[in-house]
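# Geometric and topological summary
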Amino acid sequence: MENKNKTTMIPRSERGILRHAFWQYGKSEQNTSLNLYGPRTGPVDILLIAAMHGDENETTVILSEALRRIPVGGIKNPVILSVNPDGALQGTRSNTRGVDLNRNWPTANWAPDMVYHKDHGGTVQDIGLSPGVSPGSEAETQALLNLIQVLQPRTVISLHAPLACVEDPKTTPLARWIAKRVNLPMVPDVGYATPGSFGTWSAEQDIGIITWELPSEPLADMIASHTPVLFELITGEYESGLD
Ligand SMILES: [Zn+2]
């Protein structure tokens, strides 16, 4: 289908630099700037976020690739390239206080028990992290929570890796569109309990939540297949493709 409102892509030779201005929505536990690209007031349709887990840096890279193809002023839906920059810098899933930020949200089912995850490629969930001393205890969680209250997104798209699926408890048209475009299966949940997760918190706030789990594929392949879809989500072009 011809889309007359298509955003002109930045030419390849100029895609090396991230030219969009960012706004600091908070600071991490290590005082690192937490940055937002695009509109800073709401309501917005979609907020796209990456790397709540610091060892899932591919999520930051493919989202950055999409941002760098968009002309300055062309961001309709705001973007966070790294929710957990300290974790990304030290290569850990957790933040620097050993907290899994995806278990630190003030949900009805938050629990103080250690949370266990798999290693890369492993099959047993036996590596322990803290959910925080209390719900919302971490600076990164608080900053994002406050930002979401300001932005009032209808849907948050949270990028993770490497489970290769699109998770949406409500199987919305938007999630189905993404799953079809990137050729990943749609699932209602990841199949294990996630107390205190960002997804559970969003659902409790009546905010749509789509967890986009990248596959375990070479980065170049994902830039080819996933980045164009992110481009359409950030610029708002996806709207013409929904059923
Ligand atoms: Zn993750």
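Residues numbered from 1 in each chain as written. Predicted model: local features only at pLDDT ≥ 70, side-chain atom pairs only at ≥ 80, totals over all residues. Heavy atoms only, no water.

Another point: the packing of aromatic side chains. All told, the structure shown has 5 aromatic pairs when counted by the stated rule. Relative to tyrosine 37, the ring of phenylalanine 22 lies with its centre 5.9 Å away and its plane at 65°, an arrangement referred to as edge-to-face. Of the two residues, phenylalanine 22 is situated in strand S1 (residues 22–27) and tyrosine 37 in strand S2 (residues 33–37); the sequence distance between them amounts to 15 residues. Look at tyrosine 37 and you get buried, because its relative accessible area is 7%. (Phe/Tyr/Trp six-rings, centres within 6.5 Å; stacked < 30°, edge-to-face > 60°. Helix = DSSP H or I, 4+ residues; strand = E, 2+ residues; numbered from the N terminus. Buried < 20%, exposed > 50% of the residue type's maximum accessible area, 1.4 Å probe, protein only.)

A word on the coordination of the zinc ion. Around the zinc ion, the protein contributes the donor atoms His53 (ND1), Glu56 (OE), Glu56 (OE) and His160 (ND1), which lie 2.0 to 2.4 Å from the metal centre. Classification of the site at the zinc ion as irregular follows from its 4 donor atoms and the range of 56 to 144° in their angles at the metal. In terms of primary sequence, the donors binding the zinc ion are separated according to H-x2-E-x103-H. Given a relative accessible area of 5%, glutamate 56 falls into the buried group. (Donors = N, O, S within 2.8 Å, 3.2 Å for Na, K, Ca; no water. Tetrahedral: all angles 85-135°; square planar, octahedral: opposite > 155°, others 65-115°.)

On to the pairing of strand S10 (residues 208–213). Among the 6 residues in S10, 5 count as buried, and that is most of the element. Taken together, the 6 bridges between strand S7 (residues 155–160) and S10 define a ladder with parallel strand orientation. From the neighbouring strand, leucine 159 faces S10, where its bridge partner is tryptophan 212. Bridge count between strand S8 (residues 165–167) and S10: 3 bridges; the pairing is antiparallel. Bridge assignment links glutamate 167 to a residue of S10, and that residue is threonine 211. (Pairing = 2+ DSSP bridges.)

Turning to the environment of alanine 108, a few remarks are in order. Relative to the elements of secondary structure, alanine 108 occurs in the loop between helix H2 (85–90) and strand S5 (115–117). On the basis of relative accessible area, alanine 108 is assigned to the exposed category, the value being 75%. On a C-alpha basis, the gap between alanine 108 and threonine 200 in space is 8.7 Å, while along the polypeptide they are 92 residues apart.

Moving on, we come to the pairing of strand S3 (residues 46–50). The buried fraction of S3 amounts to 5 of the 5 residues, a majority that puts the element mostly inside the structure. With burial as the criterion, each face of S3 is covered, one bearing Ile46, Leu48 and Ala50 and the other bearing Leu47 and Ile49. The sheet contact formed by S3 and S7 spans 5 bridges and is parallel. By the bridge assignment, isoleucine 46 is partnered in S7 with threonine 155. The parallel pair S3 and strand S4 (residues 79–80), bridged by helix H1 (residues 57–67), forms a crossover whose chirality is right-handed. (Right-handed = clockwise from strand over helix to strand, strands pointing away.)

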